[in-house]
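This is what each chain is made of:
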Amino acid sequence: MTTDFRPMRGSIPALITPMLDDGNVDYATLRKLIDWHVAEGTDALVIVGTSGESPTVTVEEHREILRVSVEQAARRIPIIAGCGANSTMEAIALAKFAESIGADAQLQVVPYYNKPTQEGLFQHFKAIALATPKLPVILYNVPGRTVADLQHDTVLRLAQVPGIVGIKEATGNIERAQWLIRDVPPEFAVYSGDDPSAVALMLCGGAGNISVTANVAPRLMHELCIAALNGNVKEAMRLQFQLMPVHKNLFVEANPIPVKWAMNRMGLCGPTLRLPMTQLSASQQPLVEAALKASKLI
């Protein structure tokens, strides 16, 4: 891998996309959330990832959410543009747009549903990196959602492609993450994509956490990441123990259903999601409420 990109480190919330009661994107609240994350010490933001309901926003909305986010961030905080698709051409088109508006990096998920081979995955990500040489690529492996799994040896091949600078490793498998950290080039960043195991990954040498929890606890997650990155195990685990209830209960239903309910409960955004995502079941709401209280967020 040859790049001058310096990997972002720390807490990187996968930001939700706020929506109005009529289902339209709530751009005013999006701007407020970005300002709040800047004030709370968040280290970077992923925009229009899974938590941002990327499968249900239109291409036009996707681009506008990215544009507004880059504009509002105003270089105060790095913006990582979610640009993934199961069509390489579509992923390149989104990435070129993100590159043109001044995003700092792109997050590219493993193509979902069409189940490419490892060679297909390699060629997919290589093509994106070559098409957008000024926008560093962070890979995103989440086989629980995509079915296809980006294997260790394929990541090592991709780490040699100019412009591919890191991976969001969301399997929650710490042994697997350790092998990656051990074998990738020193400048290649391995990020956790799994809140419960993120502290362990960072203590093993990971670069940070691309987080759902940080949507509701940005200051605490920033402090946890800094402690873990600095090797302060005692402080990192103190914060981990505080946040464990939300780590667990923000996944009682598919993300981002619980986190959006939690953010509405905290007065941060409205509760609206787009079909086929529905609002948090009444039976699960007490669990999320209790988690917010146990973690001292309300």
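## Remarks on the nonpolar core
Part 1 of the reasoning: If you look at the biggest cluster of nonpolar residues, it comprises 83 residues, and the most contacted ones within it are L139, L150, I164 and F188.
Part 2 of the reasoning: Take this core: its biggest share by element is seven residues, from helix α9 (residues 218–229).
Part 3 of the reasoning: Excluding anything up to four places from it in sequence, L139 contacts L107, Q108, F125, L150, L158, I164, G166, I167, K168 and F188.
Part 4 of the reasoning: Counting 18 residues, the second largest nonpolar core, distinct from the first, contains I80, A105, Y140 and A189.

## Observations regarding unusual backbone geometry
Part 1 of the reasoning: Across the junction of N255 and P256, the peptide omega takes the value 10°, indicating a cis bond.
Part 2 of the reasoning: By secondary structure assignment, the location of P256 is in the loop between α10 (233–249) and α11 (257–265).
Part 3 of the reasoning: Along the chain, L275 connects to P276 via a cis peptide bond; the corresponding omega equals 15°.
Part 4 of the reasoning: One can find P276 in the loop between α11 and α12 (285–294).
Part 5 of the reasoning: For V147, which is not glycine, the phi dihedral falls at a positive 75°.
Part 6 of the reasoning: Topologically, V147 is positioned in the loop between α5 (143–146) and α6 (152–158).
Part 7 of the reasoning: A relative accessible area of 56% places V147 in the exposed class.
Part 8 of the reasoning: Non-glycine residue K296 carries a positive phi angle of around 65°.
Part 9 of the reasoning: Mapping K296 onto the fold places it in the segment after α12.

## Comments concerning the packing of α10 against α12
Part 1 of the reasoning: Contact geometry for α10 and α12: axes closest at 7 Å, N-to-C directions at 160°. Overall, the two elements α10 and α12 adopt an arrangement that is roughly antiparallel. Where α10 crosses over α12, the handedness of that crossing is left-handed. Here Q242, P245, V246 and N249 of α10 lie close against α12, whose contacting residues are L287, V288, A291, L292 and A294.

## Focus on the pattern of salt bridges
Part 1 of the reasoning: Tallied over the full model, the rule gives 14 salt bridges.
Part 2 of the reasoning: The salt bridge involving D35 is made with R76; its shortest N-O contact spans 2.6 Å. Taken together, the residues D35 in helix α1 (residues 27–40) and R76 in the loop between α2 (59–73) and β3 (79–82) connect sequence positions 41 residues apart.
Part 3 of the reasoning: The closest approach of N and O atoms between R182 and D183, which form a salt bridge, is 2.7 Å.
Part 4 of the reasoning: Judged by its relative accessible area of 28%, D183 falls in the partly exposed class.

## Some details on the sheet that holds strand β8 (residues 208–211)
Part 1 of the reasoning: The strand order across the open sheet formed by eight strands is β1-β8-β7-β6-β5-β4-β3-β2, and the pairing between neighbours is parallel. Single-partner strands in this sheet number two, and they are β1 (10–13) and β2 (45–47). Strand after strand, the sheet turns through a mean of 30° between neighbouring axes, direction not considered.
Part 2 of the reasoning: Pairing between β1 and β8: four bridges, direction parallel. Along β8, the bridge assignment pairs P13 with S211.

Conventions adopted
Residues numbered from 1 in each chain as written. Predicted model: local features only at pLDDT ≥ 70, side-chain atom pairs only at ≥ 80, totals over all residues. Heavy atoms only, no water. Core = buried A, V, L, I, M, F, W, Y, C linked by side-chain atoms within 4.5 Å. Buried < 20%, exposed > 50% of the residue type's maximum accessible area, 1.4 Å probe, protein only. Helix = DSSP H or I, 4+ residues; strand = E, 2+ residues; numbered from the N terminus. Contact = heavy atoms within 4.5 Å. Axes fitted to C-alpha atoms, helices over the stretch in contact; angles between N-to-C directions. Parallel < 35°, antiparallel > 145°, perpendicular 65-115°, else oblique. Left-handed = near helix turned anticlockwise from the far one by under 90°. Salt bridge = Lys/Arg side-chain N within 4 Å of Asp/Glu carboxyl O. Pairing = 2+ DSSP bridges.

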